[in-house]
Amino acid sequence: ETRRSAEETALVAETIYKPVTSYYEFEPDSKTHIIIKDVDDYSNGAAYYYDNKIIIWALPMDYELRGSHRWLNNVITHEFVHIVQIGASMKYPRRFPAAFIQNLNYENEKRTDVLYGYPNAMISYPIPGVSVPPWLAEGTAQFMYPGANFDFWDSHRDMIVRERILNNNLLSFDAMNSFGKRGIGNESTYNQGFFFSGWLVNKFGKNILYKITKSLSKPYNYSINFAIKEATGERGDVLYNLWKEELEKYYKENTKTILENELKGRVLIEGNTTNLHPVWSPNEDTFAYLSNKGHDSFGKTDLYYFNFADSIEYKIANGVHSAPSWINDSTIIYTKRSKANKWGSRYFDLYSYSFNEKTEKRLSKNLRSESPAYNKETKQIAAIISYDGTSNIILASNFDKIDENLEFEQITSFNNGLQMFSIMWFDNEIYIDAVMHQGRNIFKLDMISRDLIPVIEEKWDSRDQENYNKGLIFSNNRSGIFNLAIQKNGSINYITNVTGGAFMPSISKKNKILYSLYENGEYKICILDSLTFIEDEFVGYDIDYYKVFPQSELILSEPQESRAYKESMLSMSIVPKLMID
């Protein structure tokens, strides 16, 4: 059930094939297989370069450390660049991925009843066929090729590097050469690799990434420093230091006005990498939010609530994925991955938690739902479902009690790769933020025609909409940095000014605003006790910074001729091993 995704993939693959292969002067030795999976609510892509195979999950990625881009346009190009760039860097033919040399030696036997002495020498030496550091592999895959722009240096990527520079903790050149980090560490390897790769292209010309790749393909070269020196005349670590000096100067100069006019409120919760989606309870004595407290992984979040009476955080449920919604002061609903069903698939389902009974109930099975939103006036629950890489809206009506057999009706029928993120009720109408091409926009659903009507549709990114007194509070990056703004009566006014990023607002009846602040490598929960407007000239880099955001070609799915899929064996790989015992 991934035909639409496959049709879009086919067009993307044919469009990018020549630009990618000509840039690296390398073509795979056979047709690259691309497999689209939609059997789990999971989003990722992987390139198996020794198998010449790509696997893509159809569900578009929703990741708080990256901006929003057309999923298949982006990920297919990214993974195919892996196939080609790493293929071009291979030291030996694809069927010879590595070799292994091992030597064992022993002490002399001291007694006649001992067959052989204790090992006193053990030497193992692998000879890999590929030696591409993670920052270069991921950096080139995100750079893609000159003019691609299916991914670009967006505000999220800039936010991560900017905060590292301002807090003097940019990953070192050696640290960029490995994964296995906690929190935002692995993403920073991607991030800095992307930025450094682009910097090398700007400084040494568009062919520099090919030249570095070509040097790494030589059998004797296992050093990225040597490869960069051979391509540029200077070692990689020396260029890294030069790049870092330029970044420090740029970011400190461009955030000076922000720091002089900073507006972020009070920090309530910090100390974990991930604190997201704060939502006021109806009585406003508490709020719920997601946190990775107690976990190393950025994305492994649980549901907590914070009680203002004692300023203590309490865990409600494990593994919660998207923003929760309050039914009343004693009941909250949310989505998380259920246990594997009889086919082994894990999907997002709707759950509720009762504070009175201290129990969790599962309200759906295999629903694939995210971001539930409850309307207390109409007693309706709206949520987002995704199939074959496209989001739609579902609705459950007459919801006046927790029912384990809750029935939803799908009220939209999109089939175009539209990705929705969050739902808000506003005057009994549904508002969403969604991405079709580059960056999110805010839309209103026409409840009669079931069409989406643009509310904020600009080149910059607008997201995380919240109802405010016949207006909207939302986050946008028009200035190059995400800040909270209020749109009302035709005007937009900023209410935060931060060096990191302000997201996911929730407003109380007393106009107090909870939101998630990205600062110094972590998301924190903050509160604005009152609303203060700040002049546009003090916010972000520049009010029209959005003009630097590039646009890529938008490739949409078209009907394709097809034939039945047949299994095919992978090619044989040979790994020679020489062992001297």
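Residues numbered from 1 in each chain as written. Predicted model: local features only at pLDDT ≥ 70, side-chain atom pairs only at ≥ 80, totals over all residues. Heavy atoms only, no water.

K.L.:
Is there a simple way to think about the overall build of the protein in this case?
P.N.:
From N to C terminus, the protein includes nine helices and 30 strands. Relative to the 2.2 N^0.38 estimate, which gives 25 Å for 581 residues, the radius of gyration of the protein is 26 Å and therefore close to what a compact globule would have. In terms of overall dimensions, the protein has C-alpha extents of about 85 × 65 × 55 Å along its principal axes. Burial analysis of the protein (581 residues in total) assigns 54% to the buried set. Expressed as a percentage of contacts within the protein between residues at least 6 apart in sequence, the contacts between residues at least 24 apart total 57%. Carbon and sulfur atoms make up 48% of the accessible area of the protein, which amounts to about 27000 Å² in all. (Helix = DSSP H or I, 4+ residues; strand = E, 2+ residues; numbered from the N terminus. Rg over C-alpha atoms; globule rule 2.2 N^0.38 Å. Buried < 20%, exposed > 50% of the residue type's maximum accessible area, 1.4 Å probe, protein only. Contact = heavy atoms within 4.5 Å. Areas by Shrake-Rupley, 256 points an atom, 1.4 Å probe, with all protein chains shown as cover.)

K.L.:
Would you mind going over the sheet that holds strand E22 (residues 452-456) with me for this structure?
P.N.:
Backbone-to-backbone hydrogen bonds join strands into a sheet, with any given pair of strands oriented parallel or antiparallel. Spatial strand order, E19-E20-E21-E22: four strands in an open sheet with antiparallel pairing. For this open sheet the edge positions go to strand E19 (419-426) and E22, each flanked by a neighbour on one side alone. Here the strands of the sheet are splayed against their neighbours by 35° on average, with no regard to which way each runs. Of the pairings in the sheet, the one linking E19 to strand E20 (residues 429-435) comprises seven bridges and is antiparallel in character. Within E20, the residue paired with Trp-425 across the bridge is Ile-430. (Pairing = 2+ DSSP bridges. Axes fitted to C-alpha atoms, helices over the stretch in contact; angles between N-to-C directions.)

K.L.:
Sorry if this is basic, but what is going on with helix H7 (residues 224-232) here?
P.N.:
For an α-helix, the turn length of 3.6 residues means that residues three or four places apart are oriented alike. Those residues of H7 that fall on the buried side of the exposure criterion are Ile-224, Asn-225, Ala-227, Ile-228, Ala-231 and Thr-232. Buried residues of H7, viewed axially, fall in a sector of 165°; they line one side. The inward-facing, buried residues of H7 contact helix H3 (134-143), helix H5 (185-204), helix H6 (208-216) and helix H8 (236-254). Put simply, Ser-223 is the residue that caps the front of H7, since its side-chain oxygen is 3.3 Å from the backbone nitrogen of Asn-225. Immediately beyond the C-terminal end of H7, within one or two residues, lies Gly-233, with a positive phi of roughly 95°. (Arc of directions from axis to C-beta. Polar contact = N/O pair within 3.5 Å; in protein donor to acceptor, adjacent residues only side chain to side chain.)

K.L.:
Got a minute to help me understand the packing of aromatic side chains in this structure?
P.N.:
How two aromatic rings sit relative to each other is set out by the distance from centre to centre and by the angle between their planes. Within the structure shown, the criterion is met by 42 aromatic pairs. Between Phe-196 and Trp-243, the aromatic rings sit 5.1 Å apart at their centres with planes inclined by 45°, giving tilted as the arrangement. A residue pair is termed long-range when its members are at least 10 positions apart, and Phe-196 in helix H5 and Trp-243 in helix H8 qualify at 47 residues. Residue class for Phe-196 comes out buried when judged on its relative accessible area of 0%. Considering the side-chain rings of Tyr-334 and Tyr-351, the 6.4 Å spacing of their centres and the 10° angle between planes classify their relative orientation as stacked. Of this pair, Tyr-334 sits in strand E12 (residues 331-337) while Tyr-351 is found in strand E13 (residues 348-354), placing the two residues 17 residues apart along the sequence. By the burial criterion, Tyr-334 is buried, and Tyr-351 matches it. Here the aromatic cluster, defined as three or more aromatic residues joined through ring pairs, consists of Trp-135, Trp-153, Phe-173, Phe-194, Phe-195, Phe-196, Trp-199, Tyr-240 and Trp-243. Between Lys-336 and the ring centre of Tyr-351, over which it is positioned, the NZ or CZ distance is 5.0 Å. (Phe/Tyr/Trp six-rings, centres within 6.5 Å; stacked < 30°, edge-to-face > 60°. Lys NZ or Arg CZ within 6 Å of the ring centre and 35° of its normal.)

K.L.:
Even after reading the chapter, I still don't get the side chain of Glu-370, so can you show me in this structure?
P.N.:
Residue placement: Glu-370 occurs in strand E15 (residues 369-375). Within the structure, the side chain of Glu-370 is placed 2.8 Å from the side chain of His-321, a separation counted as a polar contact. Sequence-distant contacts of Glu-370, defined by excluding residues within four places in its chain, comprise His-321, Ser-322, Thr-335, Phe-348, Ala-383 and Ile-384.

K.L.:
What is the right way to look at the packing of H6 against H7 in this model?
P.N.:
Pairs of packed helices are described in terms of their axes, by the angle between the two and the distance that separates them. Across the interface, H6 lies against H7 with an axial gap of 8 Å and an inter-helix angle of 130°. The angle between H6 and H7 places the two elements in the oblique class. The handedness of the crossing between H6 and H7 comes out as right-handed. Contact residues: Ile-208, Lys-211, Ile-212, Ser-215 and Leu-216 in H6; Ile-224, Phe-226, Ala-227, Ile-228, Glu-230, Ala-231 and Thr-232 in H7. Of the residues in the contact of H6 with H7, the class split is eight nonpolar, two polar and two charged. (Parallel < 35°, antiparallel > 145°, perpendicular 65-115°, else oblique. Left-handed = near helix turned anticlockwise from the far one by under 90°. Nonpolar A, V, L, I, M, F, W, Y, C, P; charged D, E, K, R; others polar.)

K.L.:
For this particular structure, what's the right way to read the nonpolar core?
P.N.:
In this structure, Trp-135, Phe-196, Ile-212 and Ile-224 are the most contacted members of the largest nonpolar core, which totals 63 residues. The element that contributes the greatest number of residues to this core is helix H2 (residues 71-89), accounting for ten residues. Those residues in contact with Phe-196, other than ones at most four positions away along the chain, are Trp-135, Phe-173, Met-176, Gly-236, Leu-239, Tyr-240 and Trp-243. (Core = buried A, V, L, I, M, F, W, Y, C linked by side-chain atoms within 4.5 Å.)

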